[in-house]
There are 2 protein chains.
Amino acid sequence: MDTTDSESASTPQTRAGAGTTRADRRVQRASMADVARLAGVSSQTVSRVSNGYSGVTEETRQQVLAAMKELGYRPNSAARALKRGEFRTIGVITFSLATTGNVRTLEAIATSAAHEGYAVTLLPVAVPTQDEVRGAFSRLGELAVDAVIVIMEVHLLDAATVSLPPGVQVVVADSDAGDRYSVVDTDQAGGTRAAVRHLLDLGHRTVWHLAGPQESFAAQRRADAWRVTLTDAGCAPPPLVRGDWSAESGYQAGLRLADEADCSAVFAANDQMALGLLRALHERGRRVPEDVSVIGFDDIPEAGSFLPPLTTVHQDFAEVGRRCVEGVLRQMREDGEEMTEPGTTLVPTRLVMRGSTASPPSPSSPSSL
Amino acid sequence: MDTTDSESASTPQTRAGAGTTRADRRVQRASMADVARLAGVSSQTVSRVSNGYSGVTEETRQQVLAAMKELGYRPNSAARALKRGEFRTIGVITFSLATTGNVRTLEAIATSAAHEGYAVTLLPVAVPTQDEVRGAFSRLGELAVDAVIVIMEVHLLDAATVSLPPGVQVVVADSDAGDRYSVVDTDQAGGTRAAVRHLLDLGHRTVWHLAGPQESFAAQRRADAWRVTLTDAGCAPPPLVRGDWSAESGYQAGLRLADEADCSAVFAANDQMALGLLRALHERGRRVPEDVSVIGFDDIPEAGSFLPPLTTVHQDFAEVGRRCVEGVLRQMREDGEEMTEPGTTLVPTRLVMRGSTASPPSPSSPSSL
DNA sequence: GGGTGTTATGTTTACGTAAACATCTGGTGG
DNA sequence: CCACCAGATGTTTACGTAAACATAACACCC
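Within an unreviewed UniProt entry, the label attached to chain A reads LacI family transcriptional regulator, and the organism entered is Streptomyces bingchenggensis.

Here you go:
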């Protein structure tokens, strides 16, 4: 059925005759010229077929497609990128993939990007020193990337004096803005407010906060929102307790909190710390949720299997990733023309009720049944 | 101090005079020609400086460097890739970043690759259907990638008839071999053996196994090793219980196991399921480790904060990632020449003792103190 | 029946880099 | 003093693709 008279002479060797001292890469891939030769057309026609342009007879098209198939032709993306001036690739720069949030965001970014025909190149920066960031960014400069999404604290970026290569758009996820870049972030304040109010509504006199590390803007904003919500409700915020996001730090903090007699409700800034907290409270004989209510942030997949199952603030990382990609692509299209200014996009959260929160023990309120 | 008489005429516009209908990308990056013009040398000399070749006077070199700096020159990686025939990029194809193992492996791959001057491009395949794999791979075909590392079950690869573009090396992580590709994997059998023996040494009569999903080779191998170890020790393997890696499935399985009177020790195929298992046992009033010992696999960071802290088999994902990169790079260097055949590299594990294992309750053995 | 489109296809050229080859300089030795 | 060499630098060319510009073939209309 094929119209091609295949099996013909032309093997996929470009310019075989010229006695050039070819680098010994034996696996020479077929180029457009090879396909063109086999199909008996010009390479431009192959290009047209390859890019799905109109203006090619169906018959010719079929011949070209057959030739492509026979030679196993794949467009050379380097040449394509060179010609088009774009790589169809988005770079993602991040400190670590150790946190759930970063990973989920990255995954969503990769998926969305793939959906838009973009590849994602990963630029991990192991140690969050300024120099490392500089390194990653200068590497990005010569990297095949049209845009960059940054998942990390932007003040480290600000500190790094590396200018991104011009023409590369940047969107920052999960961090403070800076007025220089667009930001997509979870609605930290909203989520925090929901969590704290939930505890107050249950009758708790006040809510303690197990915060994330000082350097983290997310932690900062959660702590701020916690304080504001309490103040607005007329409650005095107890002293802040800090962890470093890890379960172990939550455990350490929990040992201290367990000794606070008036501590009946704790809002942990993430689920891992909440896990450690649960362990500490358990060890100290304080029952959750009967004696102490605990609420987390993130809603990691395991949260429902904690002892007890953790009430927590669900973050929609997938949405964050999606909007990041959307953001950079939009910026790329707009390019120079009156740049939409760097606003911040907030992705809403949702409070997930599970078993770690309840009304406080009797003395304070025998209210709810 | 600079030898350059900067501020001169040449703005970074390539071939400004030629009235070509330039695509309106205003952010024209400086090319070698621009640098050459400013430095008053040929572009070839710029190339030599850029690549650190010898045969350039120190004086000339400094001039070129100054010009580069002034123009903010960055080599165009597309052109470079086109010329050199390699992208210095490794593609990573994976189903999901939902599991700790994949993520940690990926992270290590990215780090190692960066260390070797390679970038990492992410190719996530959301749904593990055959078609999806085919999609990812055909995309990879035209992607700017010199090698591919696959983190997934290879039988799906085998099933997919997509031939990778020739010249692309493949290493498979965390999966079954196939004799076609090199494999780097955790020593599943060794880890399992250590775990099961540990429980037997504690005096347990036998060990139950909460296995991972059937499709997973890792799960399969852990289950196999579990069975063999028991048999070798003269124990009758109890019926296999299956989960799907998730904590929730571990919980479900745990509810069933809690009712098995003679179940005093469980080896869970990963930590998440162990977590669910712990919850189920707790709910059913079976104390861990007093009544039932539980051991996991992976050693996720949270494992130490479970209730009780989980004894588990530590996997060195970082090492797996490192060896994957090492593997593809080695293959690339060897290229055609007598290809080292696809062997399997095993990364050793380590048993981490924590609080979830102990000697069985009195009736069976009053042995250890 | 010769303009005038319109459509299918071929030819030229440029993208930015770097290998291969050419040239040019200054020095060395017979 | 010139042939010769080595090192520094310039010139040409090719990598594979696709835009821009030909050209060729054919249909249509007055």
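Chemist: Sorry if this is basic, but what is going on with the overall build of chain A here?
Modeler: What chain A contains, in helices and strands, is 12 helices and 12 strands. Burial analysis of chain A (369 residues in total) assigns 52% to the buried set. Of the contacts made within chain A by residues no fewer than 6 positions apart, 70% connect residues no fewer than 24 positions apart. Counting only carbon and sulfur atoms, one obtains 50% of the accessible surface of chain A, whose full area is about 16500 Å².

Chemist: What is the right way to look at the sheet that holds strand S8 (residues 265–268) of chain B in this model?
Modeler: All names here are of chain B. The strand order across the open sheet built from 6 strands is S7-S6-S8-S9-S10-S12, with neighbouring strands paired in mixed fashion. Edge positions in the open sheet fall to strand S7 (241–242) and strand S12 (350–352), since each of these has one partner strand only. Strand direction decides the pairing type here: strand S6 (residues 208–211) and S7, joined by 2 bridges, are parallel. If you follow Leu-210 over to S7, its bridge partner there is Val-241. Helix H11 (residues 271–283) rests against S6, S8, strand S9 (293–298) and strand S10 (311–314) of the sheet, and its axis sits at about 160° to S9.

Chemist: Where do I start with the sheet that holds strand S7 (residues 241–242) of chain A in this structure?
Modeler: Strand pairing in a sheet is mediated by backbone hydrogen bonds. Such pairs are either parallel or antiparallel. All names here are of chain A. Taken in spatial order, the 6 strands line up as S7-S6-S8-S9-S10-S12 in an open sheet, and their pairing is mixed. The open sheet has two edge strands with one neighbour each: S7 and strand S12 (350–352). Pairing analysis gives 4 bridges linking strand S9 (residues 293–298) to strand S10 (residues 311–314), with the strands arranged parallel. Looking at S10, one finds that Phe-297 is bridged to Val-313. Relative to S9, helix H11 (residues 271–283) is tilted by about 160°, and along the sheet it contacts strand S6 (208–211), strand S8 (265–268), S9 and S10.

Chemist: Would you take a moment to explain the environment of A:Val241 for this structure?
Modeler: Residue and element names in this part refer to chain A. Here Val-241 lies in strand S7. For Val-241 and His-209, which are 32 residues apart along the polypeptide, the C-alpha to C-alpha distance reads 6.2 Å. Once residues within four sequence positions are removed from consideration, Val-241 is found in contact with Trp-208, His-209, Leu-210, Ala-211, Ala-253, Arg-256 and Leu-257.

Chemist: Help me out: how do you make sense of the pairing of S9(B) in this one?
Modeler: Side-chain positions along a regular strand alternate between the two faces of the sheet. Residues and elements named next belong to chain B. Counted residue by residue, S9 has 6 buried out of 6 residues, so it is predominantly covered. For S8 and S9, the ladder comprises 3 bridges, and the chain directions are parallel. Bridging from a neighbouring strand, Ala-265 pairs with Ser-293 of S9. Between the parallel pair S8 and S9, the chain is carried across by H11, and the sense of this crossover is right-handed.

Chemist: What is the right way to look at the packing of helix H10 (residues 247–258) of chain A against H11(A) in this model?
Modeler: Helices that pack against each other are described as a pair by the angle of their axes relative to one another and the distance between those axes. Residues and elements named next belong to chain A. At a minimum axis distance of 6 Å, the contact between H10 and H11 shows a crossing angle of 40°. The angle between H10 and H11 falls in the class oblique. Pair H10 / H11 crosses with right-handed handedness. Every residue of H11 that contacts H10 at Ala-247, Glu-248, Ser-249, Gly-250, Tyr-251, Gly-254, Leu-255, Leu-257 and Ala-258 is listed here: Gln-272, Met-273, Leu-275, Gly-276, Leu-277, Arg-279, Ala-280, Leu-281 and Glu-283.

Chemist: For this particular structure, what's the right way to read the packing of aromatic side chains?
Modeler: Where two aromatic rings form a pair, the distance of their centres and the angle of their planes describe that pair. Summed over the entire model, instances satisfying the criterion amount to 2 aromatic pairs over all chains. For the ring pair A:Phe267 and A:Phe297, a centre distance of 6.2 Å and an interplane angle of 55° mean the geometry is tilted. With a gap of 30 residues between them, A:Phe267 in strand S8 and A:Phe297 in strand S9 connect regions that are remote in the sequence. The residues A:Phe267 and A:Phe297 share a single accessibility class, namely buried. Stacked on the ring of B:Phe297, the Lys or Arg B:Arg222 has its end atom at 3.9 Å from the ring centre. Lying across the ring of B:Tyr251, B:Arg279 places its NZ or CZ 3.8 Å from the centre.

Chemist: Hey, could you run me through the environment of B:Ala78 in this one?
Modeler: If you trace the backbone, B:Ala78 turns up in helix H4 (residues 77–84). Relative accessible area serves as the criterion here: at 3%, B:Ala78 is assigned to the buried category. When the C-alpha atoms of B:Ala78 and B:Ala144 are compared, they prove to be 9.2 Å apart, with 66 residues separating the residues in sequence. Not counting residues up to four positions away in its chain, the partners in contact with B:Ala78 are A:Ala78, A:Ala81, A:Leu82 and A:Phe87.

Chemist: So what exactly am I meant to see when it comes to the pattern of salt bridges here?
Modeler: Opposite charge on two side chains permits pairing when their charged atoms draw close. Applying the stated criterion to the full structure yields 20 salt bridges over all chains. One salt bridge in this structure joins A:Arg88 and A:Glu86, with 3.1 Å as the shortest N-O distance. Here B:Arg354 ties to B:Asp299 by a salt bridge, and the two come within 2.5 Å at their closest N and O atoms. Here B:Arg354, found in the segment after S12, pairs with B:Asp299, found in the loop between S9 and S10; they are 55 residues apart in sequence, far enough to count as distant.

Chemist: What exactly am I supposed to notice about the environment of B:Val120 here?
Modeler: All names here are of chain B. Within the fold, Val-120 resides in strand S2 (residues 119–124). With a relative accessible area of 1%, Val-120 lands in the buried category. Along the primary structure Val-120 and Val-145 are separated by 25 residues, whereas in three dimensions their C-alpha atoms are 8.6 Å apart.

Cut-off values and rules
- Sequence order as written defines the numbering, with residues in each chain counted from 1.
- The order in which chains are written sets their letters, starting at A; the order in which ligands are written sets their numbers, starting at 1.
- Under the rules for a predicted model, residues below a pLDDT of 70 receive no local features and side-chain atom pairs below 80 are neither given nor counted, while totals for whole chains, interfaces and linings still include all residues.
- Water and hydrogen atoms were dropped before computing side-chain values, which therefore reflect all heavy atoms in the structure.
- Going along the chain from the N terminus, every DSSP run of H or I of four or more residues is numbered as a helix, and every run of E of two or more is numbered as a strand.
- Burial classes follow relative accessibility: with a 1.4 Å probe on protein chains only, a residue under 20% of its type's maximum area counts as buried, one over 50% as exposed, and anything between as partly exposed.
- Contacts: residue pairs with any heavy atoms within 4.5 Å of one another.
- Each accessible area is a Shrake-Rupley estimate made with a 1.4 Å probe; only the visible protein chains count as cover when residues are assessed.
- Whether two strands pair depends on DSSP finding at least two bridges between them.
- The axes used here are C-alpha line fits, helices contributing only the stretch in contact, and every angle between their N-to-C directions lies in the interval 0 to 180 degrees.
- Note on handedness: a crossover is taken as right-handed if, strands pointing away from the viewer, the path from the first strand over the helix to the second is clockwise.
- For this classification, under 35 degrees means roughly parallel, over 145 means roughly antiparallel, 65 to 115 means roughly perpendicular, and everything else is oblique.
- In this scheme, a crossing is called left-handed if the near helix is turned counterclockwise away from the far one by less than a right angle; it is called right-handed if the turn is clockwise.
- Each aromatic pair joins two rings of Phe, Tyr and Trp (for Trp, the six-membered one) with centres within 6.5 Å, and gets the label stacked for planes under 30 degrees apart, edge-to-face for over 60, and tilted for any other angle.
- Remark: a charge is flagged as sitting over a ring if the NZ atom of Lys or the CZ atom of Arg is within 6 Å of the ring centre and within 35 degrees of the ring normal.
- A pair is scored as a salt bridge if a Lys or Arg side-chain nitrogen falls within 4 Å of a carboxyl oxygen belonging to Asp or Glu.

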